[in-house]
Protein chains: 2
Amino acid sequence: MEGEERGGWAHPYVPKDLELPGYVPCFLSQMDIVIPYLGSTVLLVSLVWFFSGRSKLTKIDRLLMCWWAFTGLTHLIVEGYFVFSPDFYKEKTPHYLAELWKEYSKGDSRYVGRDTGILTIEIITAVLEGPASLLAVYAIATRKPYSYILQFTVSLGHLYGCLFYFIAAFLEGDNFATSPAYYWAYYVGANVWWVVIPLLIATRVWKKITTATQAGKKLKAV
Amino acid sequence: MEGEERGGWAHPYVPKDLELPGYVPCFLSQMDIVIPYLGSTVLLVSLVWFFSGRSKLTKIDRLLMCWWAFTGLTHLIVEGYFVFSPDFYKEKTPHYLAELWKEYSKGDSRYVGRDTGILTIEIITAVLEGPASLLAVYAIATRKPYSYILQFTVSLGHLYGCLFYFIAAFLEGDNFATSPAYYWAYYVGANVWWVVIPLLIATRVWKKITTATQAGKKLKAV
């Protein structure tokens, strides 16, 4: 396979025989990539928390708004970029989002390899769940009656996506990480939030709706 | 690629270069496969409709029970067989479920080719959505307060699965059917029910829950 490399840089990804003609290595260090992401997340969460404090919302609702704002913007900007940039690994300038995906692919080379399953999940996430997450911020802030069921819907989407993500990797031998450190930090560590938090939200809404259904006994036929 | 065929039968699937060593053609005709499936569906639906008539359930709830019984058993038996039978296309006897998947693969060769994305979706469908669908039959019959949210959950699973199914095929060139007739009858025709019916159910539950949330105004914190 190495004979087929077209004089470009050797890539760091696993499996080694993954063909990435035109690959250009990361310009930014891991810290250059991770710190701005964490920094803007902290800033975003602080802003949502601060401004939602001027309302009469409960602390749980304000925390939920922080989550939906964070996950919605991640879906739209970070994952949206991935969906529409098949050639990100050839990027010759230190484009932040290209660098982020070059770096993340060390934990899961299915991204740089543009695996169809991954791309499909990311399309659903960026195009449907991104806008729906931001709608959830608005729905909580304005106490819309559809707020709970919307949060439940997007959370189930997160859970289905993560389930697919981990099962599909397992079926193909779970060998897409450059090293165990990247496996645990990126493949597991960066994704587990989208399992734990949606599970908490879905359970909360399930209980609330079951209680409401019980209270309302027979709901009117719609 | 043809040189690599190991003296077995030529398969009818598209793409032609799909390698299926040990492939054994269908023993049963299309009608031999489709009629028993439709027949047992009609029988099942009739039984559920008949026995649910002895209760005070509404006609909509009885119809929903028919749907959940049908889809649940399809997930468990038909799709469950696929999940645990990677070699169904080598089956040398007229095993009904092997025949069914050999036949269905004429509309979508990703099944006989055991595409990872398809297998992942089918695992989620057979293992989680199958039992959950049968639980929905029980929940409707016994008017459990979680009946609506459970139906909503499984319907979203159906919709996510179908969305994945069609998007992933599109991304890979949408060329998995032996002929346009099989494309429309199997790939589209057999799957569209799991788009239309879950969409109707999810919309109905969404409206009911939104109404209940409005009626209950502030639901008690759980």
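Refer to the structure above for everything that follows.
Residues numbered from 1 in each chain as written. Chains lettered and ligands numbered in written order. Predicted model: local features only at pLDDT ≥ 70, side-chain atom pairs only at ≥ 80, totals over all residues. Heavy atoms only, no water.

Draft legend 1. Spotlight on the overall build of chain A. Along the backbone of chain A there are seven helices and zero strands. Taken from N to C terminus, the helices and strands of chain A fall in the order α-α-α-α-α-α-α. A principal-axis box enclosing the C-alpha atoms of chain A has dimensions of 70 × 35 × 30 Å. Across the 222 residues that make up chain A, the buried fraction comes to 48%. Residue pairs at least 24 apart in sequence account for 71% of intrachain contacts in chain A once pairs closer than 6 positions are excluded. A total accessible area of about 11000 Å² is found for chain A, and carbon and sulfur atoms account for 68% of it. Computed over 20 positive and 18 negative side-chain charges, the separation of the two mean positions in chain A equals 22 Å. (Helix = DSSP H or I, 4+ residues; strand = E, 2+ residues; numbered from the N terminus. Buried < 20%, exposed > 50% of the residue type's maximum accessible area, 1.4 Å probe, protein only. Contact = heavy atoms within 4.5 Å. Areas by Shrake-Rupley, 256 points an atom, 1.4 Å probe, with all protein chains shown as cover. Lys, Arg positive; Asp, Glu negative; His and termini not counted. Charge placed at Lys NZ, Arg CZ, Asp CG, Glu CD.)

Draft legend 2. Fine view of the nonpolar core. Judged by nonpolar contacts, the single largest core of 58 residues is most densely connected at Trp 68 of chain A together with Trp 68 of chain B. What Trp 68 of chain B contacts, discounting residues up to four positions off in sequence, is Ser 133, Leu 134, Ala 136, Val 137, Ile 140, Gln 151, Val 154, Ser 155, His 158 and Ile 201 of chain B. (Core = buried A, V, L, I, M, F, W, Y, C linked by side-chain atoms within 4.5 Å.)

Draft legend 3. Inspection of the interface of chain B and chain A at higher detail. Counting residues at the interface gives 40 residues for chain B, matched by 40 residues for chain A. Carbon and sulfur atoms supply 81% of the area buried between chain B and chain A, which totals about 3700 Å² over both sides. There are zero salt bridges connecting chain B and chain A. Joining chain B to chain A, the criterion identifies two residue pairs in polar contact (both at pLDDT 80 or more). Elements that contribute at least two residues to the side of chain B that touches chain A include exactly α4 (116-141), α5 (147-171) and α7 (193-216) of chain B. The dominant element in the side of chain B that touches chain A, judged by the number of residues it contributes, is α5 of chain B, at 14 residues. (Buried area = accessible area lost by both parts, 1.4 Å probe. Salt bridge = Lys/Arg side-chain N within 4 Å of Asp/Glu carboxyl O. Polar contact = N/O pair within 3.5 Å; in protein donor to acceptor, adjacent residues only side chain to side chain.)

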